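# Secondary and tertiary structure notes
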Amino acid sequence: MSGSDEPADLARQMREKAQQLHEQAERASDPQERERLEKKSRTIRDRSEQQSAMEAGDIHPQK
């Protein structure tokens, strides 16, 4: 894998993990567990969007 593909691959993996957590949350019977999984899913999804935006050059990481 080339170095230029790694950030895009990382963002894709993060989106997949977020989707898995979302699906687990939908199946969870405990409301607290459901909320915990949804929160974790949203956090990972937000981070993957930031990663994608950085890769596209839309935003720059803070120093």
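How each quantity is defined
- All residue numbers here refer to positions counted from 1 along the written sequence of the relevant chain.
- This being a predicted model, a pLDDT of at least 70 is required before a residue's local features are given, and a value of 80 or more before pairs of side-chain atoms are given or counted; all residues contribute to the totals for chains, interfaces and linings.
- Derived side-chain values reflect all non-hydrogen atoms in the structure, with water molecules and hydrogen atoms excluded from consideration.
- Here, nonpolar core means buried Ala, Val, Leu, Ile, Met, Phe, Trp, Tyr and Cys residues that are tied together by side-chain atoms lying within 4.5 Å of each other.
- For every residue, the accessible area (1.4 Å probe, protein chains only) is compared with the maximum for its type, and the residue is labelled buried under 20%, exposed over 50%, or partly exposed between those bounds.
- Runs of E in the DSSP output that reach at least two residues are strands. Runs of H or I that reach at least four are helices, and both are numbered from the N terminus.
- Contact between two residues is taken to exist if any of their heavy atoms lie within 4.5 Å; hydrogens are not considered.

Named according to an unreviewed UniProt entry, the protein is DUF6381 family protein originating from Streptomyces pakalii.

## A look at the nonpolar core
Among the nonpolar cores identified, the biggest contains seven residues, and these are Met14, Ala18, Leu21, Ala25, Ala28, Leu37 and Ile44. Counting residues per element, the ones that place at least two in this core are helix 1 (6-27) and helix 2 (31-56). Take this core: its biggest share by element is four residues, from helix 1. Beyond its immediate stretch of four places on either side in the chain, Met14 contacts Ile44, Arg47 and Ser48.

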